[in-house]
Amino acid sequence: MAADKYEVIIIGGGPAGLAAAYKLAEAGIETVVVERGEYSGSKNLSGGILYSRVLEQLIPNYWEEAPVERCITNYLTTLMTQDDYFNLEYKGKALGNLPYNAVSVLRAKFDRWLAEKAEEAGAMIVTGIKVEKVIKEGTRIVGIRTGDEEMLADVVIAADGINSFIAQEAGLRGAIEPKHLAVGAKALIELPREVIEERFRLSGNEGAAYAILGEATYGVAGGAFLYTNLESLSIGVVMRLDDLVKEKVKPGDALDDLLEHPMVAPLVKGGKMVEYGAHLTGEGGLHMVPPQLYADGMLIIGDAAGFTINSGLVIRGMDLAIGSGMAAAAAVLEAKSKGDFSAGSLSAYQRNLDQSFVMKDLQLYVKAPDFMESDLLFKKYSHMVNNLFGKVYTHDLTPKEHLLKMAFKAIKESEIPLIGLAKDGLKGVRAL
């Protein structure tokens, strides 16, 4: 029996793969998406923040139908100790104007919707199938194998996530260094809409996003997050894999303690936990991106290509995934116009990425992972800042000291070497 032949096969039905599928199908390319889950988004936990200007490029006026939760207008950075916390908050009223700057989404809903849009454009979505290997003719990728069946294509696009064995099998990516990976533990907590809006001081579809450093991860490199959805909260911790192993702590324990922290407990009080789980994520930024993202008959996109950014203030992945999917689709269309799907022809993908925000932003934050490696950032600075503001606001009838003197005293009590503070300050300026 002859194998089925398509113009493009996309492995993985997440934002990257579905964005590519939508653009290709819209242009009349015969495209099939092979998704391992029961449906797109079925394997995803909770949700996250999508910086959504790129989604507006993909599907204009997406907000009229997409299952987005809230537009993010409130950003809070938290430095947390075991008992105290310091919040730095920014509220941008204009961020709530159309087109939204960022939205919170629940991936199970969002990915399923995006899959439906790709199908409406003409793509075929095949679910519940695991791709076991790619099929090669010499050095050229010509299709995939699923069980006893083969599917052939002019181009195979790997969008199968951070653990992309397809990209590794194709020789485009090796094993990822543990320092570039993190384990995330996440939970979804249901609360009535009016309760969320009252507790987080929101109105209408406004939303809040917290980036939390310090005790939330037991001092392990990483951070925690809290996002508001319409009727739920997405909360979790992200802990770098190598540091996690060294410190011998468990992300689940850190998340449990975070839920009981004096800052978080009042925000989640009375909520019903409806999801709880863990997953692997990328932390290396541009350091994770392989030197070549294309081969004869193949492209890699999204998490499979290492497209993630964690600057300490924001975590980005979905917007980079969608942007890379669109860049890949444009490269395939260009290759089809030439009738040439060789690596040389598909290298247009790299050019498209270099000209887009995807690679420009990855290059801008290339030093962020190095800055995030500082032990002081996760073990000392939260204590120093909370100690300082504790001194500022405490009035116990002893004469007050100058702020600068209190600051030096807080630094000394937190056992932070001044040279280390200066180095981290310089690294932070260069990285961010």
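For every chain, the first residue of the written sequence is number 1, and numbering continues from 1 along that sequence. With pLDDT at 70 or above as the cut-off, local features in this predicted model cover only qualifying residues; side-chain atom pairs require 80 or more to be listed or tallied, and sums for whole chains, interfaces and linings still use all residues. Processing note: side-chain calculations cover all non-hydrogen atoms of the structure and skip hydrogens and water entirely.

**Q** In this structure, what is going on with the packing of helix 9 (residues 318–338) against helix 11 (residues 348–355)? I would like to understand it.
**A** Any two packed helices are characterised by the angle at which their axes cross and by the distance between the axes. Axis definition: a line fitted to C-alpha atoms, over the contacting stretch in the case of helices. Angles run 0 to 180 degrees between N-to-C directions. Elements are defined by DSSP. Helices are runs of H or I of four residues or more, strands are runs of E of two residues or more, and each kind is numbered from the N terminus. Between helix 9 and helix 11, the shortest axis-to-axis distance is 8 Å and the interhelical angle comes to 140°. The angle between the axes of helix 9 and helix 11 places the two elements in the oblique class. Like other packed secondary-structure pairs, helix 9 and helix 11 cross with a definite hand, here right-handed. In this structure, helix 9 uses Ser324, Ala327, Ala328, Ala330, Ala331 and Glu334 to contact helix 11, whose residues at the interface are Ala348, Tyr349, Arg351, Asn352 and Leu353. Each residue receives one of three labels: charged for Asp, Glu, Lys and Arg, nonpolar for Ala, Val, Leu, Ile, Met, Phe, Trp, Tyr, Cys and Pro, and polar for the others, Gly being one of them. Tallied by class, the residues present in the contact of helix 9 with helix 11 amount to 7 nonpolar, 2 polar and 2 charged. Orientation is classified from the angle alone, with under 35 degrees giving roughly parallel, over 145 giving roughly antiparallel, 65 to 115 giving roughly perpendicular, and any other angle giving oblique. Helix crossings get a hand from a simple test, with the near helix turned counterclockwise from the far one by less than a right angle marking a left-handed crossing and a clockwise turn marking a right-handed one. Residues count as neighbours in contact if any of their non-hydrogen atoms are within 4.5 Å of one another.

**Q** Please clarify how the pattern of salt bridges should be interpreted in this entry.
**A** Any two side chains of opposite charge can pair, on the condition that their charged atoms come close. Salt bridges are counted wherever a side-chain nitrogen of Lys or Arg sits within 4 Å of a carboxyl oxygen of Asp or Glu. Taken as a whole and assessed by the stated rule, the structure comprises 23 salt bridges. For Lys338, the salt bridge is made with Glu334, and the minimal N-O distance between the two is 3.5 Å. One end of the pair, Lys338, and the other, Glu334, are both in helix 9, 4 residues apart, so they sit about a helical turn from each other. Judged by relative accessible area, Glu334 falls into the partly exposed class, the value being 24%. Overlapping salt bridges, with partners in common, bring together Glu65, Lys117 and Glu120 in one network. Each residue's exposure class comes from its accessible area (1.4 Å probe, protein chains only) as a fraction of the maximum for that residue type: buried when under 20%, exposed when over 50%, partly exposed otherwise.

**Q** Which parts of the structure should I look at to understand the pairing of strand 4 (residues 68–80)?
**A** For strand 4, a buried count of 12 out of 13 residues is recorded, marking the element as mostly surrounded by other parts of the structure. Across 9 bridges, the pairing between strand 4 and strand 12 (residues 206–214) is parallel. Residue pairing across strands places Tyr75 opposite Ala209, the latter belonging to strand 12. Across 7 bridges, strand 4 lies against strand 5 (residues 85–91) in antiparallel orientation. By the bridge assignment, Leu76 is partnered in strand 5 with Glu89. Two strands pair if DSSP finds at least two bridges between them.

**Q** Any chance you could explain helix 3 (residues 107–121) here in plain terms?
**A** Structural remark: α-helix, 3.6 residues per turn; residues separated by three or four positions point the same way. Here the expected length of a helix is defined as 1.5 Å per residue gap, with one fewer gap than residues. With 15 residues, helix 3 should cover 21 Å at 1.5 Å per step; its first-to-last C-alpha distance of 21 Å lies within 8% of that length. All of the buried residues in helix 3 are Arg107, Phe110, Asp111, Trp113, Leu114, Ala115, Lys117 and Ala118. As for helix 3, its buried residues are in contact with helix 1 (15–26), strand 3 (47–51), helix 2 (53–58), strand 6 (102–106), strand 7 (124–127) and helix 9.

**Q** What should I look at first to understand the packing of helix 1 against helix 3 in this one?
**A** Where helix 1 contacts helix 3, the two axes come as close as 8 Å, and the packing angle between them is 15°. Here helix 3 runs roughly parallel to helix 1, going by the angle between their axes. For the pair helix 1 and helix 3, the crossing hand works out as left-handed. Of the residues in helix 3, those in contact with Pro15, Leu18, Ala19, Ala21, Tyr22, Ala25 and Glu26 of helix 1 are Arg107, Asp111, Leu114, Ala115, Lys117, Ala118 and Ala121. For the contact of helix 1 with helix 3, the class distribution of residues is 10 nonpolar, no polar and 4 charged.

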